Amino acid sequence: MSKPEAMIFDLDGTLFQTETLLLPAYHATFDRLRAEGLYEGATPPESAILGGLGMLLAHIWKRVMPDADESVHRRADELLLQYQLEGMAQGQGRLYEGVADTLAELQRRGIRLFVASNGLEAYVKGVVRQHELEPLFVPGGLYSAGEYGTATKVDLVRRLLADHSVTSAWMVGDRSSDVEAGHANGLAVVGCDYAGFREQGELDGADVRIDRFSRLLELL
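Please read all numbers here as calculations on a predicted model, not as lab measurements.

Enquirer: Can you lay out the pairing of strand β1 (residues 6-9) for me, pointing to particular residues and giving the numbers?
Expert: Residues of β1 alternate between two faces, with Ala 6 and Ile 8 on one and Met 7 and Phe 9 on the opposite face, all of them buried. Here 4 bridges tie β1 to strand β4 (residues 112-117), and the two strands are oriented parallel to one another. Note on β4: the bridge partner recorded for Ile 8 is Phe 114. Note: β1 against strand β6 (residues 169-173), 4 bridges, orientation parallel. When the sheet's bridge partners are listed, Phe 9 is paired in β6 with Val 172.

Enquirer: Could you give an account of the layout of surface pockets, naming the residues involved and the relevant values?
Expert: In this structure, the largest pocket occupies an estimated 200 Å³ of space. Per-element tally for the lining of the largest pocket: the top contributor is helix α9 (residues 176-184), with 3 residues. For the lining of the largest pocket, the class distribution of residues is 4 nonpolar, 6 polar and 4 charged.

Enquirer: Which residues make up the pattern of salt bridges, and what are the values?
Expert: Scanning the entire structure with this criterion turns up 21 salt bridges. One salt bridge in this structure joins Arg 159 and Asp 163, with 3.5 Å as the shortest N-O distance. With a gap of 4 residues between them, Arg 159 and Asp 163 both fall in helix α8 (residues 153-163), about one helical turn apart. By relative accessible area, which is 39% here, Arg 159 ends up partly exposed. Asp 204 is the partner of Arg 209 in a salt bridge, and the nearest nitrogen-oxygen pair spans 2.9 Å.

Enquirer: So what's going on with helix α1 (residues 19-35)? Which residues, and what values?
Expert: End to end, α1 covers 24 Å across 17 residues, agreeing with the expected 24 Å (1.5 Å per residue, within 8%). All of the buried residues along α1 are Thr 20, Leu 21, Leu 22, Leu 23, Ala 25, Tyr 26, Thr 29, Phe 30 and Leu 33. In this structure, the buried residues of α1 make contact with β2 (16-17), α2 (46-50), α3 (57-64), α4 (70-89), β3 (94-95) and α6 (121-130). Trailing α1 by a residue or two, Gly 37 shows a phi angle of about 75°, which is positive.

Conventions used here
Residues numbered from 1 in each chain as written. Predicted model: local features only at pLDDT ≥ 70, side-chain atom pairs only at ≥ 80, totals over all residues. Heavy atoms only, no water. Buried < 20%, exposed > 50% of the residue type's maximum accessible area, 1.4 Å probe, protein only. Helix = DSSP H or I, 4+ residues; strand = E, 2+ residues; numbered from the N terminus. Pairing = 2+ DSSP bridges. 1 Å grid on protein atoms, 1.4 Å probe; cavity = no way out; pocket = protein on both sides within 12 Å on 5 of 7 lines; lining within 4 Å. Points joined across faces, edges and corners; volume = space filled by probe spheres on them. Nonpolar A, V, L, I, M, F, W, Y, C, P; charged D, E, K, R; others polar. Salt bridge = Lys/Arg side-chain N within 4 Å of Asp/Glu carboxyl O. Expected span 1.5 Å × (residues − 1). Contact = heavy atoms within 4.5 Å.

Here is the structure:
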């Protein structure tokens with residue numbers, strides 16, 4: 001793993017402690033779905049959505065409520081985003097320890113920084129802006145499946161690399177989709193082993209694992 005020109009970061013479970021914003025919005029979403037007559041019964045367990053983090057939202061809802069109609073899934077998209085944005089406005093949501101300082105130091109060392117997330121555009125950009133991280137990333141460097149309509153993170157990262165003429169990079173993330181996206185595009189992969197959302201074995205293909213975000217500086 002030689003020093004890269006750039007680093008590409010997943011968002012949820014890598015930079016951002018997703019559950020600190022997601023779970024209140026998740027419960028509010030199901031309260032609203034029930035009120036609108038679109039869902040009956042108890043809210044699915046939190047583990048259902050936490051275990052799906054890193055997937056496209058369409059796949060997450062199939063996991064969370066597999067028997068619901070597609071139209072209910074799309075309404076859930078709208079509500080979850082609405083409640084997450086409202087939560088951000090109220091100051092909900094936390095970064096992992098050391099993220100802001102580490103990103104600032106990476107930028108100081110000349111590393112170009114990007115985000116590649118399977119989330120929605122407003123959510124991804126909202127999290128970065130809320131925590132005042134936007135100046136640390138390359139202009140136009142916040143990539144989301146919601147904005148570009150990509151079917152996989154492999155495709156999203158491929159587009160990012162081409163758009164910004166990146167020739168060497170590390171892919172940094174916590175899910176198998178990050179490992180796949182990195183290796184399919186010829187990148188070294190750093191597996192983030194601190195979020196705990198993944199299933200066993202998801203990071204087995206990573207080139208190296210870190211147990212806290214600041215260890216990226218040691219790897220350099």
